[in-house]
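Survey of secondary and tertiary structure
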Amino acid sequence: MPSAMRNLSRTRGIVEVSLFADARKLALRSNRATDVFAYNGTVPGPTLEAREGDSVIVHFENRLDVATTVHWHGLHIPFDSDGSPFHPVEPGEKRTYSFRLRPGSAGTYWYHPHPNHSTGHQVAKGLYGAIVVRADDDPLPARIHEKLLVLSDNRLREDGSIDLPPDGSLASHIDEENGREGDVLFVNGQVLPTVMIRKGEVQRWRIINSSAARVFRIALEGQKMIHVGSDGGLFEVPREVSELTLANGERVEILVRGSLKPGEKVALQALPYDRYIPQTRPLHWKTTRDLLTLEQTSDVAAEVTIPARLRVVPAIDTASATVRRVVTLSQGLINGKAMDMNRVDFLAKLDDTEIWDIENIVGMDHPFHLHGFQFQVIDRNGVAEPFRSWKDMVNVPKHETARIIVRFANYPGKWMFHCHILDHEDHGMMGILEVK
Ligand code: C2O
Ligand code: CU
Ligand code: CU
């Protein structure tokens, strides 16, 4: 697992860390050195761990020779600390991000750069890391050990270098259309790691899809998984599932139980998922890939009971919505426009509740993301969402629709909403919501 950022503060309730981005050589796959960008020297970067109520202070230093930002994906925090394209950190500059993690925000988030037009490039070079926010009143027994799984993919050349095709080439055009995918699948920066589990043991896996475009449809070879949470933390009740789909940017929390024989192994698989238009669908998209091996030891764990109720996820009342908007996703555009930093697309009042009708009118999935505020999905294609959860991402499949409800509480500012396929975002599939 990635290491945790070291808390420099001794004061209770304060998490103060330092983070830098630099260019260096790291062995990503074998012993071949790759030129990467790294946070604190590692890919993925170290995990930011904090608790609800904590004040977080991040001293960031940009040691790259290009401008960057650090965006705290999914966190409900002030605009100044959002790390959006509005606040670039130039080479050699420092910036302090500070925010308080509000009660109810426990969940799994992630951080990544968000400079205008080059987010995809910087993430592909290695800049991404996890955020874990815990709650004092977490309903899951402390005996359930946690694992963090940061999923990503990359494409590497024979010589170890990251395969970023030159602008204007056919390969680069395909990446722009599809979103860049890589054939090497990483879990916490490793290829096909092993996770050990004891008989009867229950583990809590926090899974982050930090790839630029790849959708992970995961299954644990014939085993059931218990889905307990998504982007903004735990659900109200656990749900047993045999597979889950995580679009890029999304997170899930699952419980996995050791129910194999001693020495028996199963793979966490990435099943085929067709998010593509036929013209640029990758050749091997139908191949099931293994992500990690789960292996059972001969030890037996003490029984754990999984609580039937997790926490309350209060519904945002649809009757309280005062504004309705339509967000039309086409190839590379939102409502027919490419992003303009000097334009405000939606102007909203602080504390208002709005319903957004997001419609994808093209033959390719677009995972939609809103900064700053967690929302709830009302329905997909008119079918009511079967359970409530806090989300900051909703994948809108080809020619489908999703309706979300969101309250713009606490933080005025200019907030991005965009397709999280990084190539689409970088090419302008993004808009600006101003809350004031
Ligand atoms: Cu994950 Cu605009 O970000
Ligand atoms: Cu974000
Ligand atoms: Cu898109």
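Residues numbered from 1 in each chain as written. Chains lettered and ligands numbered in written order. Predicted model: local features only at pLDDT ≥ 70, side-chain atom pairs only at ≥ 80, totals over all residues. Heavy atoms only, no water.

With that settled, the discussion passes to the overall build of the protein chain. Counting its regular elements, the protein chain contains three helices and 30 strands. Rg of the C-alpha trace for the protein chain: 21 Å, near the compact-globule value of 22 Å for 436 residues, within the 12% margin. In terms of overall dimensions, the protein chain has C-alpha extents of about 60 × 55 × 50 Å along its principal axes. Counting only residues that meet the buried cut, the protein chain has 57% of its 436 residues in that class. Summarising the internal contacts of the protein chain: among those between residues at least 6 apart in sequence, 76% fall at separations of at least 24. Surface summary for the protein chain: the accessible area is close to 17,700 Å², and the carbon and sulfur share equals 49%. Within the protein chain, one finds 51 positive and 57 negative side-chain charges whose respective centroids are separated by 4 Å. (Helix = DSSP H or I, 4+ residues; strand = E, 2+ residues; numbered from the N terminus. Rg over C-alpha atoms; globule rule 2.2 N^0.38 Å. Buried < 20%, exposed > 50% of the residue type's maximum accessible area, 1.4 Å probe, protein only. Contact = heavy atoms within 4.5 Å. Areas by Shrake-Rupley, 256 points an atom, 1.4 Å probe, with all protein chains shown as cover. Lys, Arg positive; Asp, Glu negative; His and termini not counted. Charge placed at Lys NZ, Arg CZ, Asp CG, Glu CD.)

The subject of this paragraph is the coordination of the copper ion (ligand 2). For the copper ion (ligand 2), the full set of protein donor atoms is His 71 (NE2) and His 369 (NE2), and the range of their distances to it is 1.9 Å. In this pair, His 71 is assigned in strand β5 (residues 71-73) and His 369 in strand β24 (residues 366-370), connecting sequence segments 298 residues apart. Per residue, the accessibility class of His 71 equals that of His 369, and both read buried. (Donors = N, O, S within 2.8 Å, 3.2 Å for Na, K, Ca; no water.)

Moving on, we get to the coordination of the copper ion (ligand 3). Donor atoms from the polypeptide that bind the copper ion (ligand 3) are His 366 (ND1), Cys 419 (SG) and His 424 (ND1), placed at 1.9 to 2.2 Å. Donor residues for the copper ion (ligand 3) sit on one chain with the sequence pattern H-x52-C-x4-H. Placement of His 366 in strand β24 and of Cys 419 in strand β29 (residues 413-419) is noted, with a sequence separation of 53 residues between them. For the pair formed by His 366 and Cys 419, the shared burial category is buried.

The strand order across the open sheet formed by six strands is β10-β9-β12-β17-β14-β15, and the pairing between neighbours is mixed. In this open sheet, the two edge strands, each paired with only one partner strand, are β10 (184-187) and β15 (233-241). Across the sheet, the mean angle separating the axes of adjacent strands is 25° when strand polarity is ignored. By the bridge criterion, four bridges tie strand β9 (residues 145-154) to β10 in an arrangement that is antiparallel. By the bridge assignment, Ser 152 is partnered in β10 with Phe 186. (Pairing = 2+ DSSP bridges. Axes fitted to C-alpha atoms, helices over the stretch in contact; angles between N-to-C directions.)

Quick look at the nonpolar core now. By size, the foremost hydrophobic cluster in this structure holds 30 residues, and its most contacted members are Trp 356, Ile 358, Phe 368, Leu 370, Val 394, Phe 408 and Leu 433. Put simply, the parts of the chain that give this core at least two residues each are β20 (321-330), β22 (346-348), β23 (353-360), β24, β27 (393-396), β28 (401-407), β29 and β30 (430-435). If you look at the next biggest cluster of nonpolar residues, it comprises 26 residues, including Ala 21, Val 70, Val 89 and Val 133. (Core = buried A, V, L, I, M, F, W, Y, C linked by side-chain atoms within 4.5 Å.)

The geometry of two aromatic rings is summed up by the distance between their centres and the angle between their planes. Considering all chains together, one arrives at 16 aromatic pairs under this definition. A ring pair is formed by Phe 60 and Tyr 97, whose centres lie 6.4 Å apart and whose planes are at 50°; its orientation type is tilted. In this pair, Phe 60 sits in strand β4 (residues 55-62) while Tyr 97 sits in strand β6 (residues 94-100), placing the two residues 37 residues apart along the sequence. Of the two residues, Phe 60 and Tyr 97, neither departs from the other in class, the shared state being buried. Taking the centre distance of 6.3 Å and the plane angle of 55° together, the rings of Trp 356 and Phe 408 count as tilted. (Phe/Tyr/Trp six-rings, centres within 6.5 Å; stacked < 30°, edge-to-face > 60°.)

We now examine the sheet that holds β27. With mixed pairing, five strands are arranged side by side in an open sheet as β22-β30-β29-β24-β27. Each having just a single partner strand, β22 and β27 make up the two edges of the open sheet. For this sheet the average axis-to-axis angle between neighbouring strands, irrespective of direction, equals 20°. Sheet analysis places β22 next to β30, joined by three bridges and oriented parallel. Its bridge partner lying in β30, Phe 346 is registered against Leu 433.

The next thing to look at is the side chain of Asn 154. Checked against the element boundaries, Asn 154 lands in strand β9. Setting aside its immediate chain neighbours within four residues, Asn 154 contacts Ala 124, Ile 162, Arg 180, Gly 182, Asp 183, Val 184 and Phe 186.

A full pass over the atoms with the stated rule returns 31 salt bridges. Note that Arg 51 and Asp 136 form a salt bridge whose closest N and O atoms lie 2.8 Å from each other. With Arg 51 in strand β3 (residues 48-51) and Asp 136 in the loop between β8 (129-134) and β9, this residue pair connects regions lying 85 residues apart in the sequence. Judged by relative accessible area, which is 35%, Arg 51 ranks as partly exposed. Exposure remark for Asp 136: the relative accessible area of 62% places this residue in the exposed category. Across the salt bridge formed by Glu 250 and Lys 391, the nearest N and O atoms sit 2.7 Å from each other. With Glu 250 in the loop between β16 (244-246) and β17 (251-257) and Lys 391 in the loop between β26 (383-384) and β27, the pair connects residues that are 141 residues apart, well separated along the chain. (Salt bridge = Lys/Arg side-chain N within 4 Å of Asp/Glu carboxyl O.)

Let us look at the pairing of strand β7 (residues 107-112). Most of β7 sits inside the fold, with six of its six residues counted as buried. Residues Gly 107, Tyr 109 and Tyr 111 line one face of β7 and the alternating positions Thr 108, Trp 110 and His 112 line the opposite face, and both faces are buried. Bridging between β5 and β7 involves three bridges; their strand directions are antiparallel. Paired with His 73 across the two strands is Trp 110, which belongs to β7. Bridge count between β7 and β8: five bridges; the pairing is antiparallel.

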